[in-house]
Amino acid sequence: MRLAAVLLLVGVWAADAEARITQLVLTRVESPTFGGREFGPVGPFEKLVGVAYGEVDPGHPLNAIIQDLELAPRNARGMVEYWTEVYIIKPVDMPRGNRMLFYNVVNRGNKGGFTTFNVGATQPANEPTDPGDGFLQHLGYTLIWSGWQPDVRAGGGRLTMSPVVARNPDGSPITGLVRQEIIVGSPTFSTGINTSRFTSPANHTTYATASLDNRTPFADGFLPTLTVRTNPEDLRVAIPNDQWTFGRCPDGVSVVPSAVDICLTGGQRFEPGRLYELIYRARDPIVMGLGYAAMRDLIAFFKHERRDDAGNPNPLWLEGERPLAVFMGSSQSGRNMRTFLHLGFNEDEAGRIVFEGAFPHIGGGRAQFNSRFSHAGRAWGHVPDADYPAYEFPFSYMPTHDPLTGQTNAILKRCLKTHTCPKIFHVATALEMWEGRQSLGLTDPLGRHDLGEPGFIRTYIMGSTQHGSATPIPGSRGGPFGDCAQQTNPNPQREAMRALWKAFTDWVRDGVPPPPSVVPRLRDGTLVPASQVRFPSIPANTYEGISRPAVRFLGVANPLPVRHYGPLFDNADESGIITVEPPQVVSTRGYTILVPQVDADGNDLAGRMSTTVLAPLGTYTGWNLGRPGRWPDHLCSLQGSFIPFARTRAERLAVGDPRPSLEERYGSHEGYVAAVRRAAEQLVQRRLLLPEDAQRLIAEAEASDVLR
């Protein structure tokens with residue numbers, strides 16, 4: 001490692017007024033990184049870690065949509081200042097790379113992408129250490145991460161951003177209505193008010209109550225409430241205000257007042273499998289939407305600014321050309337990307353395109369990342385976070401009409417007007433169909449006809465997959481049951497993701513047409529209402545020595561009504577101020593959610609993009625139900641199911657399993673390997689599997705114990 005470079009390269013860059021990044025301070029330089037390993041003609045890589053300082057003009061038209069920006073503190077020039085942590089992995093010699101910037105949108109501060117695409121890569125405590133096969137490095141990418149979510153706590157390698165707090169024009173604190181859904185993992189007398197499935201006090205700050213006194217109404221008569229129910233659709237049962245308080249009480253008796261904790265004082269405890277809902281008046285909202293300006297302006301700086309005001313060079317500058325920029329994010333980060341595009345942030349302050357390519361992954365819907373008292377860490381689910389804004393019309397990239405609200409709108413409505421839309425690969429799984437309402441991006445809102453796609457958009461639904469593939473455990477090909485009734489789904493995504501990323505790169509950089517979209521459709525009968533799915537009856541079994549209950553198929557997908565959050569909240573932009581909590585359902589008719597039809601084994605007919613489901617060892621689904629005590633009649637959050645096939649005909653007949661056994665399907669180990677080989681060759685031909693990955697999968701099948 002060139003240790004002297006650490007001192008020589010640590011510096012400060014000041015951008016010009018256009019880019020809005022005023023300083024880039026490097027606090028750590030590791031050159032070369034990865035032990036000096038070289039990646040073919042690209043050569044070695046280095047890490048640059050630091051903090052970017054920026055400022056945003058509240059008067060600029062492109063910033064006007066940021067909620068409460070006009071109420072944020074300003075410097076002497078009238079600008080709103082912020083800082084964001086930045087982490088870069090780049091070729092030491094930039095011209096040897098592919099001249100593309102890969103910005104990964106962090107998920108609750110956590111870096112993604114590195115282990116998504118690189119086989120064998122490791123990232124302990126959020127620190128990319130071993131690049132594995134170096135897939136991204138061999139492609140020549142410069143990887144960039146930065147903080148965008150100001151309520152993320154520092155620690156664990158998470159990337160953070162400054163929490164800019166809005167205040168009233170007279171300097172007094174802003175207060176407003178906030179709803180916190182509380183879900184605990186074990187019985188407790190007290191917990192943080194933001195303890196839930198996707199948020200925790202350890203990883204996220206939250207909005208403090210404006211008053212610790214929960215028994216005395218505010219001057220306008222408002223009094224906070226705490227309710228409990230089992231299922232989202234159940235009536236909320238009030239817990240009297242004399243049986244809870246704002247504070248910590250580990251023993252249920254001694255209370256230490258706290259503005260961000262809640263305590264049950266009536267001898268009760270918060271219990272798992274229950275939904276608690278606190279509605280209170282909070283103070284000091286964060287200007288959450290400022291994170292979009294930070295993302296936009298950081299990339300604009302790297303693409304367009306050669307030097308700073310002090311004459312120091314941009315560390316990613318390419319002489320004589322401008323790099324292309326693409327961004328990718330998974331789950332919350334994919335929703336962030338869709339909101340970024342919808343709100344018009346893919347146009348920088350000079351009117352230039354920011355990202356030439358977008359690759360949102362398992363991120364259907366959007367979210368209230370730009371509202372007052374935004375809950376950026378919240379998600380969507382059949383049970384957890386079911387009532388938070390995350391899936392308001394519009395749902396599709398191109399314009400559609402919504403008969404339930406009377407609106408015509410599109411995710412890309414702003415960039416279509418300014419010619420700043422990127423090329424898009426929208427990549428999702430079967431679970432997003434069942435739980436994430438993904439069909440609303442494929443059909444009209446009432447599910448009557450398939451939507452077409454323009455030439456700059458492709459959609460790929462990975463069939464029979466869950467949100468994130470389960471890790472197999474010894475002695476089985478599935479994951480632990482956890483809160484679910486069945487084993488979780490190990491059908492992998494990585495091989496499909498790698499092939500798609502290569503095709504995406506070739507498309508954005510070189511204009512090579514990508515593979516056609518791979519989606520279920522109404523017109524061929526592969527996209528249907530959940531009640532019409534022909535799922536097989538799979539009995540209880542002990543295949544592979546693991547006891548499983550019979551599969552309960554309820555034909556239930558995550559519904560979506562039209563909801564009203566108050567007159568100051570713009571559902572279409574998922575921005576503004578929420579004044580109605582819980583939200584009101586304003587239409588007796590909801591949107592039509594459709595899911596993939598299945599074959600006789602229960603595997604999806606459409607979207608088959610892995611050898612695992614083309615040469616199956618069992619049934620792989622995009623849904624699972626909760627186990628007893630964990631919402632058994634609802635979808636198990638973000639989890640699919642895996643139910644293996646019996647090894648022999650006698651074994652399946654003994655339990656009454658209608659699905660042919662492994663022995664009946666493949667005959668022998670060699671027959672199974674041949675099936676994997678055929679599947680791999682088919683996928684390679686369709687450019688949905690890389691040849692090198694095909695060889696690896698075939699070798700893994702040969703080394704497996706299937707029908708040994």
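In this report, we go over the structure that sits alongside the text. Since we're looking at a predicted model, the values are computed, not measured.

**Examining the overall build of the protein**
A tally of regular secondary structure across the protein gives 13 helices and 28 strands. Relative to the compact-globule value of 27 Å for 708 residues, the protein shows a C-alpha radius of gyration of 26 Å, a close match. Taken over the C-alpha atoms alone, the protein extends approximately 80 × 70 × 50 Å along its principal axes. Taking the intrachain contacts of the protein between residues at least 6 apart in sequence as the baseline, contacts between residues at least 24 apart amount to 73%. As presented, the protein carries roughly 25,100 Å² of accessible surface, and 54% of it is formed by carbon and sulfur atoms. With 69 positive and 72 negative side-chain charges, the protein shows a spacing of 2 Å between the two charge centroids.

**Some words on the sheet that holds strand E16 (residues 370–371)**
Overall, mixed pairing links the three strands, which are arranged E16-E24-E23 in an open sheet. Taken across any chain shown, the strands that pair with only one partner, and hence form the sheet edges, are E16 and strand E23 (569–570). Summarising the sheet, E23 and strand E24 (residues 575–576) pair through two bridges and their orientation is antiparallel. Pairing of Asp570 across the sheet is with Ser575, part of E24.

**Side note on the state of the cysteines**
For the structure shown, the criterion picks out three disulfides. Each sulfur in the disulfide pair Cys249 and Cys263 lies 1.7 Å from the other. Between Cys249 and Cys263, the disulfide has an S-S torsion of 100° and is therefore right-handed. Taken together, the positions of Cys249 in the loop between strand E11 (244–248) and strand E12 (256–264) and Cys263 in strand E12 put the pair 14 residues apart, joining distant regions of the chain. On the accessibility criterion, Cys249 (0% relative accessible area) is buried. Along the protein, the cysteines engaged in disulfide bonds are linked according to the scheme 1-2, 3-4, 5-6 when indexed in sequence order.

**A look at the packing of aromatic side chains**
The tally for this structure, following the rule as stated, stands at 43 aromatic pairs. Centroid distance Tyr141 to Trp501: 5.6 Å. Interplanar angle 50°. Geometry classified as tilted. With Tyr141 in the loop between helix H3 (135–139) and strand E6 (142–146) and Trp501 in helix H8 (residues 494–510), this pair connects stretches of sequence that are 360 residues apart. Each member of the pair, Tyr141 as well as Trp501, carries the same accessibility label: buried. On the numbers, 6.0 Å between centres and 50° between planes, the contact of Phe218 with Phe222 is tilted. Taking relative accessible area as the criterion, Phe218 reaches 23% and is therefore assigned partly exposed. Judged by relative accessible area, which is 18%, Phe222 ranks as buried.

**Brief notes about the pattern of salt bridges**
Following the criterion strictly, the structure yields 48 salt bridges and no others. Arg352 is the salt-bridge partner of Asp348, the closest N and O atoms lying 2.9 Å from each other. For Asp348, a relative accessible area of 2% translates into the label buried. Of the charged contacts in the structure, one is a salt bridge between Arg378 and Asp385, with a shortest N-O distance of 3.1 Å. What you see here is one network of salt bridges that share partners, running through Arg179, Arg229, Arg236, Glu277, Asp387, Glu392, Arg563 and Glu581.

**Structural notes on helix H12 (residues 669–685)**
With 17 residues, H12 extends 25 Å from end C-alpha to end C-alpha; this agrees with the ideal 24 Å at 1.5 Å per step. Along H12, the residues classified as buried are His669, Gly671, Tyr672, Val673, Ala675, Val676, Ala679, Ala680 and Leu683. Looking at the buried residues of H12, the elements they touch are helix H9 (611–614), helix H11 (662–666) and helix H13 (691–703).

**Some thoughts on the sheet that holds strand E13 (residues 275–283)**
Across a sheet, strands are paired by hydrogen bonds formed along the backbone, either parallel or antiparallel in direction. Overall, antiparallel pairing links the four strands, which are arranged E7-E13-E9-E10 in an open sheet. The open sheet is flanked by strand E7 (175–182) and strand E10 (237–238), the only strands paired with a single partner. Taken together, the two bridges between strand E9 (residues 225–229) and E10 define a ladder with antiparallel strand orientation. Note that in E10 the partner of Thr227 across the bridge is Ala238.

**Points about the pairing of strand E14 (residues 324–330)**
It is a general feature of regular strands that their side chains alternate between the two faces of the sheet. The element E14 is extensively covered by neighbouring structure, given that five of its seven residues are classed as buried. Handedness of the E14-helix H5 (residues 332–342)-strand E15 (residues 357–361) crossover: right-handed.

**Notes on the packing of H12 against H13**
Interhelical geometry of H12 versus H13 gives an angle of 170° and a closest axis separation of 9 Å. By the angle between their axes, H12 is roughly antiparallel relative to H13. Touching His669, Tyr672, Val673, Val676, Arg677, Ala680 and Val684 of H12 are Pro691, Ala694, Leu697, Ile698, Ala701 and Glu702, all from H13.

**Thoughts on unusual backbone geometry**
Omega for the peptide link from Ser31 to Pro32 comes to -5°, which places this bond in the cis form. By secondary structure assignment, the location of Pro32 is in the loop between strand E2 (21–30) and strand E3 (45–56). Within the chain, Arg99 stands out as a residue other than glycine whose phi angle is a positive 60°. Looking at the element boundaries, Arg99 is found in the loop between strand E4 (80–91) and strand E5 (100–104). Look at Ser464: it is not a glycine, yet its phi comes out positive at around 55°. Inspection of the secondary structure assignment puts Ser464 in the loop between strand E20 (457–462) and H8. The exposure class of Ser464 is buried, given its relative accessible area of 0%.

**Some points on the environment of Leu101**
Along the chain, Leu101 falls in strand E5. For the pair Leu101 and Ala503, spaced 402 residues apart in sequence, the C-alpha to C-alpha distance is 16 Å. Those residues in contact with Leu101 that lie beyond four places of it in its chain are Tyr141, Thr142, Ile144, Phe302, Lys303, Leu316, Pro323, Leu324, Ala325 and Val326.

**Here we look at the side chain of Asp450**
With respect to the helices and strands, the residue Asp450 is situated in the loop between helix H7 (430–434) and E20. Under the relative-accessibility criterion, Asp450 is labelled buried at 18%. One polar contact links the side chain of Asp450 to the main-chain amide nitrogen of Leu522, over a distance of 2.8 Å. In this structure the side chain of Asp450 is engaged in a polar contact, spanning 3.1 Å, whose partner is the backbone nitrogen of Arg523.

**Considerations on the packing of helix H4 (residues 290–304) against H5**
Relative orientation and spacing of two packed helices are given, respectively, by the angle between their axes and the distance between those axes. Packing of H4 against H5 leaves a shortest axis separation of 11 Å and a crossing angle of 85°. Considered as vectors, H4 and H5 are oriented roughly perpendicular to each other. Residues Tyr292, Met295 and Arg296 of H4 touch H5, and the partners they reach there are Asn336, Thr339 and Phe340. In the contact of H4 with H5, the residues fall into three nonpolar, two polar and one charged.

**Points about H8**
Look at H8: 23 Å from first C-alpha to last across 17 residues, which is about the 24 Å you get at 1.5 Å a residue. The element H8 is extensively covered by neighbouring structure, given that 13 of its 17 residues are classed as buried. Positive backbone phi, at 75°, marks Gly511, one or two positions downstream of H8.

About the criteria used
- Residues numbered from 1 in each chain as written.
- Predicted model: local features only at pLDDT ≥ 70, side-chain atom pairs only at ≥ 80, totals over all residues.
- Heavy atoms only, no water.
- Helix = DSSP H or I, 4+ residues; strand = E, 2+ residues; numbered from the N terminus.
- Rg over C-alpha atoms; globule rule 2.2 N^0.38 Å.
- Contact = heavy atoms within 4.5 Å.
- Areas by Shrake-Rupley, 256 points an atom, 1.4 Å probe, with all protein chains shown as cover.
- Lys, Arg positive; Asp, Glu negative; His and termini not counted.
- Charge placed at Lys NZ, Arg CZ, Asp CG, Glu CD.
- Pairing = 2+ DSSP bridges.
- Disulfide = S-S within 2.5 Å.
- Buried < 20%, exposed > 50% of the residue type's maximum accessible area, 1.4 Å probe, protein only.
- Phe/Tyr/Trp six-rings, centres within 6.5 Å; stacked < 30°, edge-to-face > 60°.
- Salt bridge = Lys/Arg side-chain N within 4 Å of Asp/Glu carboxyl O.
- Expected span 1.5 Å × (residues − 1).
- Right-handed = clockwise from strand over helix to strand, strands pointing away.
- Axes fitted to C-alpha atoms, helices over the stretch in contact; angles between N-to-C directions.
- Parallel < 35°, antiparallel > 145°, perpendicular 65-115°, else oblique.
- Polar contact = N/O pair within 3.5 Å; in protein donor to acceptor, adjacent residues only side chain to side chain.
- Nonpolar A, V, L, I, M, F, W, Y, C, P; charged D, E, K, R; others polar.

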